[in-house]
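Now for the letters of each chain:
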2 protein chains.
Amino acid sequence: MKSDIPVTSLQRLPVYLNYLKTLTSDGYISSGAIARALGMGEVLVRKDLAYTSAQGRTRVGYSCGELIAALEDYLGCNDKKKAVIIGAGELGKALLSYGGFLNYGIEIVAAFDSDSAKVGTYVGGKPIFDAKNAKEKIGELNARLAVLCVPAREAQAVADTLVDCGVMKILNFAPVLLKVKDGAIVRNIDVAASLAILSSMI
Amino acid sequence: MKSDIPVTSLQRLPVYLNYLKTLTSDGYISSGAIARALGMGEVLVRKDLAYTSAQGRTRVGYSCGELIAALEDYLGCNDKKKAVIIGAGELGKALLSYGGFLNYGIEIVAAFDSDSAKVGTYVGGKPIFDAKNAKEKIGELNARLAVLCVPAREAQAVADTLVDCGVMKILNFAPVLLKVKDGAIVRNIDVAASLAILSSMI
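Asks: Give a description of the relation of the copies chain A and chain B that names residues and reports values.
Replies: Two copies of one chain are present, and they are related through a rotation about an axis combined with an axial shift. Superposing chain A onto chain B takes a rotation of 180° combined with a translation of 0.0 Å along the rotation axis, leaving an RMSD of 0.0 Å. The transformation just described matches what one would write down for a two-fold rotation axis. Among all residues of chain A, the minimum C-alpha distance to the rotation axis is found for A:Leu91, at 3.2 Å. Interface overlap between copies: 100% of the residues of chain A at the interface are likewise at the interface in chain B, consistent with a symmetric, same-surface contact.

The following block contains the structure:
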């Protein structure tokens, strides 16, 4: 079923989840109420939620608890997944210390860096390994997700290594377009571009 | 003209810009070649670029230099803009040290934090001011953009203060939906959710 969901719908599921978690009541909520709270269209909300196993009831809506559980299930929050961070610069270290990944069942298990001053140290309780040993270590750790926090000029080579290691899902903070073979997926977060886009919005 | 551009098109403009900047030749490039390089549709690329002042020529394409200039102009890279960072935790400090904002004409001028151990210190050459003085200082600094790096529970109150100060554009890293008055715009970056979405993609 997951393969049928449009990425735009998938992207909205964590927004619903975060919103529902802020509600103190554990009663029922209608798609209309969710739509109004989030400034979205009701039809869109209903369509998005239909990808999950949540069942809305006519004139009552969704049980908040069931809807949260269905969203968490769909987003794999209950499946433990291991991720590594490549590049233990300021951003990499910030992400090593960030606890929010656990809400989605994602455990950041280690970082990799080529700076010998960083190798062997711990940040947020997570070890920083030598980038030279990435291939071997990632296999040992059984990580299937990676967050790329390396400079733009290094990003493609690192992505190639990751895909070679079987890490087929890469979240990339470097402002470059990475080419990866079929089956691998890259999602980009470009913080500077996001702020520029925001600045250009009227 | 800018108000007419769909956000989805606006979001792609930095992607074109980053790609064009990687090209070593300064000749001409067709919308088809851009589309192929980025794995997009050619019609989409042409439509997106039509929002800028760039003029493609039949059977020749766009002058790379002109297209870069047109994208930079559209994205306001040549207009100097000041931004502040709210919350000088690990992420806030990482962004204070990040040079990529300058590519878009954005200068990060200061951060704010309520931790007295951080107040008065400098990160990346930028001062960290006391969050208590944010209203007054933001006015003095004439910042019109802010990046929110505070914990989720504090984000709404900080956003309210920012909007009161006339900062109408907020890039929010806290995983909460912020309510702001009409005229203010919030863009969200939820790193954990992005990784969960990636993990859910097939």
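Asks: Can you break down the sheet that holds strand β3 (residues 81-86) of chain A residue by residue, with the values?
Replies: Strand order across the open sheet formed by seven strands is β5-β6-β4-β3-β7-β8-β9 (chain A), with mixed pairing between neighbours. The two strands at the open ends of the sheet, each matched to only one other strand, are β5 (122-123) and β9 (185-188) of chain A. Inspection of the sheet shows β3(A) paired to strand β7 (residues 145-148) of chain A by four bridges, in the parallel sense. Bridging from a neighbouring strand, A:Ile85 pairs with A:Val147 of β7(A). Packed onto the sheet, helix α8 (residues 191-200) of chain B meets β3, β4 (106-113), β7, β8 (169-172) and β9 of chain A and runs at close to 155° relative to β8(A).

Asks: Just give me the short version of the pattern of salt bridges, but keep the residues and values in it.
Replies: Residue and element names in this part refer to chain B. Counted by the stated rule, this structure contains 16 salt bridges over all chains. Taking the shortest distance from any N to any O, the salt bridge between Asp 48 and Arg 12 comes out at 2.6 Å. Residue Asp 48 is located in helix α3 (residues 42-49), and its partner Arg 12 is located in helix α1 (residues 7-22); the two are separated by 36 residues in the primary sequence. The two residues Asp 48 and Arg 12 agree in class, both being buried. Here Lys 132 makes a salt bridge to Asp 130, at a shortest N to O gap of 3.9 Å. Residue class for Lys 132 comes out exposed when judged on its relative accessible area of 73%.

Asks: So what's going on with the packing of helix α1 (residues 7-22) of chain A against helix α3 (residues 42-50) of chain A? Residues and values would help.
Replies: All names here are of chain A. Direction vectors running N to C along α1 and α3 enclose 95°, while the axes themselves pass 10 Å from each other. Our classification of the angle between α1 and α3 gives roughly perpendicular. In this structure, α1 uses Ser 9, Arg 12, Leu 13 and Tyr 16 to contact α3, whose residues at the interface are Leu 44, Val 45, Asp 48 and Leu 49. Broken down by class, the residue content of the contact of α1 with α3 amounts to five nonpolar, one polar and two charged.

Conventions adopted
Positions within a chain are numbered from 1, following the residues in the order the chain's sequence is written. Chain A is the first chain written and ligand 1 is the first ligand written, with later ones labelled in order. Where totals are concerned, whole chains, interfaces and linings use all residues; where local detail is concerned, this predicted model gives features only for residues with pLDDT of at least 70, and gives and counts side-chain atom pairs only at 80 or more. Calculation of side-chain values draws on the structure's entire complement of heavy atoms; hydrogens and water are dropped beforehand. A least-squares superposition brings the copies together, and it is based on the C-alpha atoms of residues with pLDDT no lower than 70 in both. By definition in these notes, contact holds between two residues if any of their heavy atoms fall within 4.5 Å. Strands were regarded as paired on the criterion that DSSP finds at least two bridges between them. Comment: elements are numbered from the N terminus, with helices defined as DSSP H or I runs of at least four residues and strands as E runs of at least two. For every element, the axis is a line fit to its C-alpha atoms; helices are fit only across the contacting stretch, and the angle between N-to-C directions ranges from 0 to 180 degrees. A carboxyl oxygen of Asp or Glu within 4 Å of a side-chain nitrogen of Lys or Arg is what we treat as a salt bridge. Using a 1.4 Å probe on the protein chains alone, a residue whose accessible area is under 20% of its type maximum counts as buried, one over 50% counts as exposed, and one in between counts as partly exposed. Angle categories are assigned with fixed cut-offs, so that under 35 degrees is roughly parallel, over 145 is roughly antiparallel, 65 to 115 is roughly perpendicular, and the rest are oblique. Nonpolar residues are Ala, Val, Leu, Ile, Met, Phe, Trp, Tyr, Cys and Pro. Charged residues are Asp, Glu, Lys and Arg, and all others, Gly as well, are polar.

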